[in-house]
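Structural overview for review
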Amino acid sequence: MSSVVVVTGSAGLIGSESVRHFAGLGMDVVGVDNDMRGYFFGSDGSTKWNLDRLKKEVGDRYTHHDLDIRDRDGLNKLFAKLGRDVALIIHAAAQPSHDWAAREPFTDFDVNAVGTLNMLEAVRQHCPDAPFIFTSTNKVYGDTPNRLPLIEQETRYELPTDHQWFGGITEDMSIDQTLHSVFGASKVAADVMVQEYGRYFDMPTAVMRGGTLTGPGHSAAELHGFLAYVMRCVMEQRVYHIYGYKGKMVRDAIHSHDLVSAFEAFYRAPRVAEVYNMGGGRFSNCSHIEAFKIAEEITGLEARTDYVDQARTGDHQWWVSSTARFEEHFPDWRMTYDVPAILREMYEANQDLWKA
Ligand SMILES: NC(=O)c1ccc[n+]([C@@H]2O[C@H](COP(=O)([O-])OP(=O)(O)OC[C@H]3O[C@@H](n4cnc5c(N)ncnc54)[C@H](O)[C@@H]3O)[C@@H](O)[C@H]2O)c1
């Protein structure tokens with residue numbers, strides 16, 4: 001029976017959680033990660049610490065490949081070797097930052113879009129029956145959510161309670177004719193291609209469009225990793241720059257554990273060409289102001305923030321995902337972490353790393 005899980009971005013937040021989870025189920029995990037996050041975000045972003053920890057914790061069940069997903073031949077050789085032993089692919093390697101992408105559009109597109117196509121084609125050639133899960137993003141909807149009739153409240157923006165998306169935005173929001181950012185556009189290309197390999201080649205592919213993905217495995221950097229960077233700044237007494245919307249923009253946050261348990265549900269009952277919004281939804285969301293308040297309560301420290309009037313280009317003013325479609329397909333799946341639980345865990349996990 002095939003029992004190998006291939007995880008790209010295996011030293012990153014979602015990749016490392018996936019490695020631990022599936023190794024914990026007794027499967028062998030092959031990881032692909034070249035620490036490119038260090039190149040994107042500098043030393044704050046490097047995932048080497050996480051890889052070292054992973055190797056120690058998981059031991060022989062984990063094999064690491066310092067491979068670049070832009071290396072088409074390298075990926076093809078790896079999948080040719082593994083062949084039909086592959087039971088599942090989790091493709092989480094990416095250039096993940098909205099802001100960074102505009103610095104090097106070619107690099108962003110080569111990693112996010114072409115890297116994903118390299119993965120899909122290697123899988124189609126060597127193990128087409130294995131479920132292929134891709135971590136897409138809510139940025140594929142561009143800034144369309146900013147056209148919602150938002151109401152300003154004391155600490156956040158909100159939708160009217162009778163709005164169709166008050167409970168969370170569903171997958172039928174258009175991804176077309178909107179400001180995506182260069183990052184959002186490269187993820188759209190990948191997202192649509194993953195769907196296409198499902199529909200056209202009848203492969204069991206799933207696109208999971210993440211809200212804020214978070215957890216203690218995040219290498220918190222200013223340009224990526226919202227809640228982890230909030231907690232890091234409060235703990236290290238660094239100044240956090242809040243960009244626009246009076247700090248009232250709302251994000252939903254899903255813990256890496258909850259997302260990876262969704263991956264397992266899909267792996268056990270795969271479907272073809274599915275698309276799911278996967279965020280914290282109504283259960284787990286906050287504005288920047290609210291996140292800092294919770295972080296201050298947990299740490300007993302005062303946050304140091306600085307307000308920049310200009311919002312980030314295309315940044316969402318309000319995003320709460322609806323996970324109803326996923327829950328309908330996988331009724332046993334449950335979300336377990338909300339924002340206070342996520343921040344508390346980060347605080348406890350990083351006592352030695354993040355000090356003032
Ligand atoms: N974290 C979020 O808030 C969020 C939100 C929505 C979607 N996503 C998506 O989820 C996925 C995982 O995000 P994450 O937060 O775990 O990111 P991460 O940066 O923590 O992990 C990604 C890993 O991929 C590796 N990588 C990057 N380029 C590579 C390349 N060319 N070859 C091999 N490895 C490479 C990096 O070194 C890093 O370890 C990404 O696709 C991201 O776009 C993340």
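Above this text you will find the structure in question.
A word on the site of the ligand
Taken together, 30 residues sit near the ligand, with Asp33, Arg37, Asp68, Lys187 and Gly211 positioned nearest. In the environment of the ligand, an oxygen atom lies 3.0 Å from a nitrogen or oxygen atom belonging to the backbone of Leu13. Take Ile14: an N or O atom from its main chain is 2.9 Å from an oxygen atom of the ligand. The set of elements that each furnish at least two residues to the shell around the ligand consists of helix H1 (13-24), helix H2 (36-41), strand E5 (132-137) and strand E9 (212-214). Along the lines of polarity and charge, the residues of the shell around the ligand split into 13 nonpolar, 12 polar and 5 charged.

Describing the pattern of salt bridges
The full count for this structure, using the stated rule, is 23 salt bridges. In this structure, Glu158 and Arg156 form a salt bridge, with 2.8 Å as the shortest nitrogen-oxygen distance. By relative accessible area, Glu158 is classed as buried at 6%. Exposure remark for Arg156: the relative accessible area of 10% places this residue in the buried category. Several salt bridges converge on common partners, so that one network encompasses Arg156, Glu158, Arg282 and Glu290.

Focus on the side chain of Thr323
Tracing the chain through its elements places Thr323 in the loop between strand E14 (304-308) and helix H11 (324-329). On the basis of relative accessibility, which here comes to 7%, the residue Thr323 falls in the buried class. Among the polar contacts listed, one links the side chain of Thr323 to the side chain of Glu327, at a separation of 2.4 Å. Filtering out sequence-adjacent residues up to four positions away, Thr323 remains in contact with Asn277, Met278, Gly279, Trp333 and Met335.

Thresholds, definitions, all that
- Residues numbered from 1 in each chain as written.
- Predicted model: local features only at pLDDT ≥ 70, side-chain atom pairs only at ≥ 80, totals over all residues.
- Heavy atoms only, no water.
- Near = heavy atom within 4 Å.
- Polar contact = N/O pair within 3.5 Å; in protein donor to acceptor, adjacent residues only side chain to side chain.
- Helix = DSSP H or I, 4+ residues; strand = E, 2+ residues; numbered from the N terminus.
- Nonpolar A, V, L, I, M, F, W, Y, C, P; charged D, E, K, R; others polar.
- Salt bridge = Lys/Arg side-chain N within 4 Å of Asp/Glu carboxyl O.
- Buried < 20%, exposed > 50% of the residue type's maximum accessible area, 1.4 Å probe, protein only.
- Contact = heavy atoms within 4.5 Å.

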